[in-house]
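# Fold and contact review
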Amino acid sequence: MKIELETIPVWDGLNSKSECFICDLMGEAQKHAVSFYLGNSVMNPETRVKVNEHGFCTKHWQMLSTANKAQGVALMSDTYLATTRSKAEGAINALLGAKNPRQAKKAVLSFSEVMEKREQGCLICTAMEERLKRYLYTTCYLWGEDPTFREALASGKGFCLHHFHLLLETASVALSSADYVAFVRSVTQTEVENLDRIAKDVSWMTQKYKSENMDKSWNGCEDAHKRGVDKMTGRHRVTDPVR
Ligand SMILES: [Zn+2]
Ligand SMILES: [Zn+2]
């Protein structure tokens, strides 16, 4: 599969010195995908068919419904509900017609199956996943091609643990075997150094709350708890991975 490179956003992301520039890029990707489904595209029959078929995950339906674009969301919900209803029709009839516990159990099971299927394939998650693949691949690719990028990545702040492990997985397909090993070692070295830095900051934050340290400097650790959580878990994760 040919992967489209995203050289400029990845370079800009790395230069931003963020705790995880993939998280930042995914935030942008999410914003972009949400505004797509809030814009004129919902009038497009092809888009509507896709929405009726796949819909969105809970998080993304919520983001859409709270975005102050009532009309577009009403239009999508109208036909999405109708599609859902027709997909579940058989199961609903079975629920209504159950005459004994065995039939009721069977009907509940088949209704659950319809619901589980319906909750897969969120269109916003899918769009984010596509972008994520390109950002991860481009990061590996640039590391293999450009020594300046390699140095900048080594002296950067690393990634959140979620994107770090996805990056390592991507490297095996994006780089040659020789580069793959060097890449894994180099980014892991950077990651470990940065995890230690965050751990130190969080630790100082806990100390700073002790009365004997009240007058001491925060040393830039006022937001260490947030950075620690972001580093451990990542932000703007794809909640409904296609893989
Ligand atoms: Zn991240
Ligand atoms: Zn989603």
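### So, the packing of helix α7 (residues 123-145) against helix α10 (residues 177-208)
Between α7 and α10, the shortest axis-to-axis distance is 11 Å and the interhelical angle comes to 110°. Considered as vectors, α7 and α10 are oriented roughly perpendicular to each other. Across the interface between the two elements, Cys-140, Trp-143 and Gly-144 from α7 touch Asp-179, Ala-182, Phe-183 and Ser-186 from α10. A per-class count over the contact of α7 with α10 returns four nonpolar, two polar and one charged.

### Considerations on the confidence of the model for the protein chain
Averaged over every residue, the pLDDT of the protein chain is 93; the share at 70 or more is 98%. Mean pLDDT in the protein chain bottoms out at helix α3 (residues 45-54), which sits at 92, and peaks at helix α8 (residues 147-154), which reaches 97.

### Observations regarding the packing of aromatic side chains
Following the criterion strictly, the structure yields eight aromatic pairs and no others. Ring centres of Trp-11 and Phe-149 lie 5.2 Å apart, and the angle between their planes is 90°; this geometry places the pair in the edge-to-face category. Of the two residues, Trp-11 sits in helix α1 (residues 7-15) while Phe-149 sits in helix α8, which places them 138 residues apart along the sequence. On the numbers, 4.9 Å between centres and 90° between planes, the contact of Phe-56 with Trp-61 is edge-to-face. With respect to burial, Phe-56 and Trp-61 carry one shared label: buried. An aromatic cluster is present here, built from Phe-36, Tyr-37, Phe-56, Trp-61 and Tyr-80 joined pairwise through their rings. It is Arg-150 that lies over the ring of Trp-143; its NZ or CZ is 3.9 Å from the centre.

Conventions we followed
Residues numbered from 1 in each chain as written. Chains lettered and ligands numbered in written order. Predicted model: local features only at pLDDT ≥ 70, side-chain atom pairs only at ≥ 80, totals over all residues. Heavy atoms only, no water. Axes fitted to C-alpha atoms, helices over the stretch in contact; angles between N-to-C directions. Helix = DSSP H or I, 4+ residues; strand = E, 2+ residues; numbered from the N terminus. Parallel < 35°, antiparallel > 145°, perpendicular 65-115°, else oblique. Contact = heavy atoms within 4.5 Å. Nonpolar A, V, L, I, M, F, W, Y, C, P; charged D, E, K, R; others polar. pLDDT = per-residue confidence, 0-100. Phe/Tyr/Trp six-rings, centres within 6.5 Å; stacked < 30°, edge-to-face > 60°. Buried < 20%, exposed > 50% of the residue type's maximum accessible area, 1.4 Å probe, protein only. Lys NZ or Arg CZ within 6 Å of the ring centre and 35° of its normal.

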